[in-house]
Each structure stands twice: as C-alpha cells, then as structure tokens.
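Chain residues, written in single-letter form:
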Amino acid sequence: MRIDKFLWCVRLFKTRSLAAQHVRSEKVLMDGEVVKASREIRSGDEFTLKQHGYFQTYEVLEIPKSRVGAKLVSDLILETTPKEELEKREFLQLAQKLHRRKGEGRPTKKDRRDLDNLDL
C-alpha cells in the first residue's frame, strides 16, 4: 500500500490529501530517508513523522484494506516514539497552553453573554 494512503487509513491524517501533502513536504521518513508518496509500505516497516517541533515514530503491524475505525488503529500500528521526543511534545503542548493568557483574544460565548447582561 502507498504510504500516503496508509497514513490516511490508520487515521494519522483527516484526509488523504493532507497525508499526501505531508509526504510531499518531506516530513515522512523511513530508515532516516525522506520518502515519496508512492513508496510502498509493508508489515514490519518503521516510519517517522515530523510534527510541530518533534518526531513521532511508528511500527507497521498490519496493512488495512481500507480506512479503519479509530478503535482498530492500535491493531495496525504501534507508536515507538523515544521518551525524549515524548517529553519534547509534552513541553511544547504546555508552552502553547501558557502562551495565551485567559481573557485575551476573542471572547467566548459565555463572555459575550456576561457582557450582554451588564447593566450600563
């Protein structure tokens, strides 16, 4: 199966075109080398995805015939990301949450209702 189709089938990307775009932008690696969208993937292969500042590594357990449900993904791939990358991901997520202080930016629906209820 083509790697772009596989990434979509195991729900790592919402659409197949997003998966193909990720591959074209050289963010998918196999054996340390950038792959093309037409690269065939087999059981036992290991691939790496470059995400927002970190790498995620997966091992292919089985090839699906078509897109599978979210509950079946764990039967098809196994995440083998090193601890360093997992810690980096957690740090980046925490930094992103702390970057925007509460109350900045566009008001929420609750904020808008509270403003509407003020007596001016």
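Here the structure is a predicted model, which means the values were calculated and not measured. Residue numbers run consecutively from 1 along every chain, following the written order of its sequence. Only residues with pLDDT of 70 or above have their local features reported here, since the model is predicted, and side-chain atom pairs are shown and tallied only from 80 upward, although totals for entire chains, interfaces and linings are computed over all residues. Based on all heavy atoms of the structure, the side-chain values leave hydrogens and waters out of the count.

1. Structural notes on the overall build of the protein
For clarity, the cut-off: Counting from the N terminus, the helices are DSSP H or I runs at least four residues long and the strands are E runs at least two residues long. C-alpha atoms define the radius of gyration in this analysis, and the globule rule sets the expected value at 2.2 Å times the number of residues to the power 0.38. The classification of residues rests on relative accessible area computed with a 1.4 Å probe and restricted to protein chains. Under 20% of the type maximum is buried, over 50% is exposed, and intermediate values are partly exposed. It only takes one pair of heavy atoms within 4.5 Å for two residues to be counted as in contact. Note on areas: Shrake-Rupley, 1.4 Å probe, and residue coverage restricted to the protein chains presented here.
Broken down by element type, the protein carries 5 helices and 5 strands. Traced from its N-terminal end to its C-terminal end, the protein shows the element sequence α-α-β-β-β-β-α-β-α-α. The globule rule puts the C-alpha radius of gyration for 120 residues at 14 Å, and the 20 Å found for the protein is more than 25% above it. Each principal axis of the C-alpha atoms in the protein carries an extent, and together these give about 65 × 30 × 25 Å. Put simply, the protein has 120 residues, and 28% of those count as buried. Contacts spanning at least 24 positions in sequence make up 42% of the contacts within the protein whose residues lie at least 6 apart. Carbon together with sulfur atoms contributes 50% to the accessible area of the protein, which is approximately 9100 Å² in total.

2. Details of the nonpolar core
The following threshold applies: Definition used in this section: a nonpolar core is a set of buried Ala, Val, Leu, Ile, Met, Phe, Trp, Tyr and Cys residues joined via side-chain atoms within 4.5 Å.
Core analysis: the largest hydrophobic core is formed by 20 residues, its most contacted members being Ile3, Leu7 and Phe47. Listed by contribution, the elements that provide at least two residues to this core are helix H1 (3-9), helix H2 (16-24), strand S1 (28-30), strand S3 (46-50), strand S4 (55-60) and helix H3 (73-76). The element contributing the most residues to this core is H1, with 3 residues.

3. Thoughts on the confidence of the model for the protein
What counts, and what does not: Per-residue confidence from the predictor is reported as pLDDT, a score between 0 and 100.
When the pLDDT values of the protein are averaged, the result is 88; 94% of them are 70 or greater. Across the protein, H1 holds the top mean pLDDT of 94, while helix H5 (residues 109-116) sits lowest at 82.

4. Details of the environment of leucine 12
Along the chain, leucine 12 falls in the loop between H1 and H2. Given the relative accessible area of 24%, leucine 12 is considered partly exposed. For the pair leucine 12 and valine 73, spaced 61 residues apart in the sequence, the C-alpha separation amounts to 9.4 Å.

5. What about the sheet that holds strand S2 (residues 33-34)?
Put simply, the rule is: Strands are treated as partners if at least two bridges between them are detected by DSSP.
Pairing is antiparallel across the open sheet formed by 5 strands, whose spatial order is S2-S1-S3-S4-S5. In the strand order of this sheet, the two ends are held by S2 and strand S5 (77-79), each with one partner. For S1 and S3, the ladder comprises 3 bridges, and the chain directions are antiparallel. Within the sheet, the bridge partner assigned to methionine 30 lies in S3 and is phenylalanine 47.

6. Here's the deal with the pattern of salt bridges
Cut-off, in case you're wondering: Here, a salt bridge means any Lys or Arg side-chain nitrogen found within 4 Å of an Asp or Glu carboxyl oxygen.
Going through the model one piece at a time under the given rule, you end up with 5 salt bridges. The closest approach of N and O atoms between arginine 2 and aspartate 4, which form a salt bridge, is 3.1 Å. Note on aspartate 4: relative accessible area 4%, which makes it buried.

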